[in-house]
Number of protein chains: 4
Amino acid sequence: MLDLASGGGEMSELLQLTELAERFRDERDWKQFHNLKDMVVSLQLESSELLEMVQWRSGEALDEHFRRERDQVGDELADILYWILLIARRLDIDLSEAFKRKMRKNEEKYPVAESRGSAEKHDRLRKR
Amino acid sequence: MLDLASGGGEMSELLQLTELAERFRDERDWKQFHNLKDMVVSLQLESSELLEMVQWRSGEALDEHFRRERDQVGDELADILYWILLIARRLDIDLSEAFKRKMRKNEEKYPVAESRGSAEKHDRLRKR
Amino acid sequence: MLDLASGGGEMSELLQLTELAERFRDERDWKQFHNLKDMVVSLQLESSELLEMVQWRSGEALDEHFRRERDQVGDELADILYWILLIARRLDIDLSEAFKRKMRKNEEKYPVAESRGSAEKHDRLRKR
Amino acid sequence: MLDLASGGGEMSELLQLTELAERFRDERDWKQFHNLKDMVVSLQLESSELLEMVQWRSGEALDEHFRRERDQVGDELADILYWILLIARRLDIDLSEAFKRKMRKNEEKYPVAESRGSAEKHDRLRKR
């Protein structure tokens with residue numbers, strides 16, 4: 001049975017979720033299949049499952065679809081998170097720290113004064 | 001400046017990271033661009049950035065590459081997490097709860113007795 | 001210099017393009033890197049490059065962007081075609097025949113009478 | 001019934017396939033759903049279907065899998081080609097010409113003398 005370790009309250013939330021993912025994997029002895037290449041491919045495939053949910057839908061109709069299928073959206077986000085957590089763990093990356101560091105990088109790259117409300121700056125966000 | 005709200009220690013870690021993401025977005029007034037379709041497309045594109053890092057590499061050479069480029073891997077994982085957090089927030093999905101629920105679903109779908117060490121069961125993991 | 005073989009007029013167009021792709025690859029002795037896994041990963045990455053062009057754009061603004069960047073769109077489509085051709089060749093798949101066969105399958109699956117103008121049937125097209 | 005137009009022998013092969021795709025679409029009155037954004041998203045999703053076939057497989061086992069599932073591989077390549085053809089048509093792009101032009105660009109970018117057998121040059125192929 002998956003359950004948070006007692007006393008887990010002191011463990012960070014992301015670490016707790018990582019341990020759930022690892023326990024699930026290890027109880028099935030699946031670590032042997034988890035090479036980095038297939039882990040990253042799996043992440044991409046899970047992300048595609050979410051993309052499939054937006055295909056042929058947009059605007060308000062899409063919002064409504066996602067609200068109606070909220071549980072499925074949650075499942076897909078969870079599947080993506082599963083791989084992010086395991087990839088981070090494999091490389092001893094503290095995901096929370098990595099996130100804060102990346103947000104600081106983005107802050108420097110997109111100063112508020114120049115970026116505010118700018119679609120162009122926003123559009124460039126990915127082309128770093 | 002991005003910084004955790006004082007007293008944030010009682011807030012869950014994922015919620016804290018979500019607030020960092022929202023603050024970054026709101027300081028730049030970028031919420032107006034964030035429709036669900038483009039948020040999901042952006043998630044897919046960030047996931048592709050990580051996929052690009054495994055292209056033409058595998059096995060030990062890939063492990064070494066990821067260790068050497070650990071910061072970049074962390075950045076890419078952070079970019080993916082950014083969109084997961086914002087999509088979850090948009091739909092009022094508690095990502096932590098969604099993850100635990102999905103792990104329980106997977107547990108039922110892949111009973112330890114039948115799945116243990118089985119590449120086939122593992123392979124079917126995504127075809128739910 | 002890449003150029004169609006003289007007398008290529010009798011060769012099918014897709015075969016001619018395949019030969020261009022192979023000649024480019026072989027002149028650089030790159031076949032050694034082309035395992036199926038990385039070929040498929042590369043196809044996915046090229047497809048993401050096109051996806052990046054639609055990020056944060058839709059409707060008429062997207063149409064206009066694609067018309068203005070028509071050459072870049074052509075480049076991205078060419079990059080995708082490059083991998084399709086090489087993957088088909090690797091497996092001795094006649095892409096033209098495979099396409100006609102798949103269209104016949106789709107025809108049977110989506111009878112005109114039931115599918116005409118139906119968004120739902122259209123939406124199900126991918127879930128075969 | 002989908003069938004090549006009589007006298008199609010003088011039409012280029014890619015144009016013939018494009019007409020098959022358009023006839024399939026038009027008989028079902030589906031053009032109304034085909035905005036550029038969803039066409040590109042669909043292309044990405046079809047590419048993911050092929051990526052799913054390489055998940056958890058590599059080397060000789062993958063080669064064998066693709067040989068055994070040759071028809072499915074052909075179907076997936078056809079699905080990708082379907083969208084490439086329709087996107088090219090939408091923008092009046094001659095896919096064959098675009099491909100030749102792109103191969104010439106790649107030739108200039110990767111001179112044989114410098115690129116021959118070089119994994120590094122090969123690796124840089126996508127980062128243009």
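Residues numbered from 1 in each chain as written. Chains lettered and ligands numbered in written order. Predicted model: local features only at pLDDT ≥ 70, side-chain atom pairs only at ≥ 80, totals over all residues. Heavy atoms only, no water.

Visitor: Help me out: how do you make sense of the overall build of chain A in this one?
Guide: Helix and strand counts for chain A come out as seven helices and zero strands. What you see in chain A, going N to C, is helices and strands ordered as α-α-α-α-α-α-α. Considering chain A as a whole, with its 128 residues, one finds that 58% of them fall into the buried category. Sequence-distant contacts in chain A: of pairs separated by 6 or more residues, those separated by 24 or more amount to 52%. In the form shown here, chain A has an accessible surface area of approximately 5,400 Å², with 44% of it arising from carbon and sulfur atoms. (Helix = DSSP H or I, 4+ residues; strand = E, 2+ residues; numbered from the N terminus. Buried < 20%, exposed > 50% of the residue type's maximum accessible area, 1.4 Å probe, protein only. Contact = heavy atoms within 4.5 Å. Areas by Shrake-Rupley, 256 points an atom, 1.4 Å probe, with all protein chains shown as cover.)

Visitor: Would you take a moment to explain the interface of chain D and chain A for this structure?
Guide: For an interface, size is often stated in terms of accessible area lost upon the parts coming together. At the interface, 15 residues of chain D touch 15 residues of chain A. Here chain D and chain A share an interface that buries about 1,300 Å² over both sides, 69% of which is from carbon and sulfur atoms. Where chain D meets chain A, there are zero salt bridges. Applying the counting criterion to the chain D and chain A interface returns five residue pairs in polar contact (both at pLDDT 80 or more). Counting residues per element, the side of chain D that touches chain A draws most heavily on helix α2 (residues 36-54) of chain D, which supplies nine residues. A per-class count over the side of chain D that touches chain A returns seven nonpolar, five polar and three charged. (Buried area = accessible area lost by both parts, 1.4 Å probe. Salt bridge = Lys/Arg side-chain N within 4 Å of Asp/Glu carboxyl O. Polar contact = N/O pair within 3.5 Å; in protein donor to acceptor, adjacent residues only side chain to side chain. Nonpolar A, V, L, I, M, F, W, Y, C, P; charged D, E, K, R; others polar.)

Visitor: Before we go on, may I ask you to explain the relation of the copies chain D and chain A in this structure?
Guide: Superposition of the two copies of the chain requires a rotation about an axis and a shift along the axis. Mapping chain D onto chain A leaves a residual RMSD of 0.0 Å; the transformation is a rotation of 180 degrees accompanied by 0.0 Å of translation along its axis. Here the copies are linked by what is in effect a two-fold axis. The position closest to the rotation axis in chain D is occupied by the C-alpha of Ser-48 of chain D, lying 3.4 Å away. Both copies present the same face, since 100% of the interface residues in chain D are matched by interface residues at the equivalent positions in chain A. (Least-squares fit on C-alpha atoms with pLDDT ≥ 70 in both.)

Visitor: Help me understand the pattern of salt bridges, please; the structure alone is not making it clear to me.
Guide: If you walk through the whole model with that rule in mind, you get 52 salt bridges over all chains. In this structure, Glu-22 of chain C and Arg-89 of chain C form a salt bridge, with 2.7 Å as the shortest nitrogen-oxygen distance. You can see Glu-22 of chain C sitting in helix α1 (residues 13-27) and its partner Arg-89 of chain C sitting in helix α4 (residues 70-90), a full 67 residues away along the chain. Its relative accessible area of 16% is what places Glu-22 of chain C among the buried residues. One connected set of salt bridges, linked through shared partners, spans Glu-19, Glu-22, Arg-25, Asp-26 and Arg-89 of chain A.

Visitor: Please clarify how the interface of chain A and chain B should be interpreted in this entry.
Guide: In this complex, chain A contributes 81 residues to the contact, which on the side of chain B involves 81 residues. Carbon and sulfur atoms make up 65% of the area that chain A and chain B hide from each other, which totals about 7,600 Å². Between Arg-101 of chain B and Asp-71 of chain A there is a salt bridge whose closest N-O contact spans 3.4 Å. The interface formed by chain A and chain B holds 37 residue pairs in polar contact (both at pLDDT 80 or more) in total.

Visitor: Help me understand the packing of aromatic side chains in this model?
Guide: Note on aromatic pairs: each is described by the distance of the centres and the angle between the planes. This model, assessed by the stated rule, comprises 20 aromatic pairs over all chains. Ring centres 5.8 Å apart and planes at 70 degrees place the aromatic pair Tyr-110 of chain A and Trp-30 of chain B in the edge-to-face group. Residue Tyr-110 of chain A is located in the loop between α5 (95-109) and α6 (112-115), and its partner Trp-30 of chain B is located in the loop between α1 (13-27) and α2 (36-54); the two belong to separate chains. For Tyr-110 of chain A, a relative accessible area of 3% gives the class buried. An aromatic cluster is built from Phe-24, Trp-30, Tyr-82 and Trp-83 of chain A, Tyr-110 of chain B together with Trp-56 of chain D, whose rings are joined through pairwise contacts. (Phe/Tyr/Trp six-rings, centres within 6.5 Å; stacked < 30°, edge-to-face > 60°.)

Visitor: Is there a simple way to think about the relation of the copies chain A and chain B in this case?
Guide: You can overlay chain A on chain B at an RMSD of 0.0 Å; the transform is a turn of 180 degrees with a shift of 0.0 Å along its axis. Of all interface residues in chain A, 100% are interface residues in chain B too; the two copies therefore contact each other through one and the same surface.

Visitor: Would you mind going over the packing of helix α1 (residues 13-27) of chain D against helix α4 (residues 70-90) of chain D with me for this structure?
Guide: Helix-helix packing is described using two parameters, namely the angle between the two axes and the distance between the axes. Residue and element names in this part refer to chain D. Two elements in contact, α1 and α4, have axes separated by 9 Å at closest approach and are oriented at 95 degrees. Looking at the two axes, α1 sits roughly perpendicular to α4. Here Leu-14, Leu-15, Leu-17, Thr-18, Glu-19, Ala-21, Glu-22, Phe-24 and Arg-25 of α1 lie close against α4, whose contacting residues are Leu-81, Tyr-82, Leu-85, Leu-86 and Arg-89. The residue makeup of the contact of α1 with α4, split by class, is nine nonpolar, one polar and four charged. (Axes fitted to C-alpha atoms, helices over the stretch in contact; angles between N-to-C directions. Parallel < 35°, antiparallel > 145°, perpendicular 65-115°, else oblique.)

Visitor: Where do I start with unusual backbone geometry in this structure?
Guide: A negative phi holds for most residues other than glycine; trans holds for most peptide bonds. Residues and elements named next belong to chain A. For Trp-56, which is not glycine, the phi torsion reads 65 degrees and is therefore positive. Mapped onto the secondary structure, Trp-56 falls in the loop between α2 (36-54) and α3 (59-68). The exposure class of Trp-56 is buried, given its relative accessible area of 18%.

Visitor: Hey, could you run me through α5 of chain A in this one?
Guide: Since one α-helical turn is 3.6 residues long, residues separated by three or four positions face the same way. Here α5 of chain A contains 15 residues, and its C-alpha end-to-end distance of 21 Å stays within 8% of the 21 Å for a straight helix at 1.5 Å per residue. Residues of α5 of chain A that are buried: Leu-95, Ser-96, Ala-98, Phe-99, Lys-100, Lys-102, Met-103, Asn-106 and Glu-107 of chain A. Looking at the buried positions of α5 of chain A, the neighbouring elements they touch are α1 (13-27) and α4 (70-90) of chain A together with α1 and α4 (70-90) of chain B. The backbone nitrogen of Ser-96 of chain A has a side-chain oxygen 3.1 Å away, supplied by the residue at the start of α5 of chain A, namely Asp-94 of chain A. (Expected span 1.5 Å × (residues − 1).)

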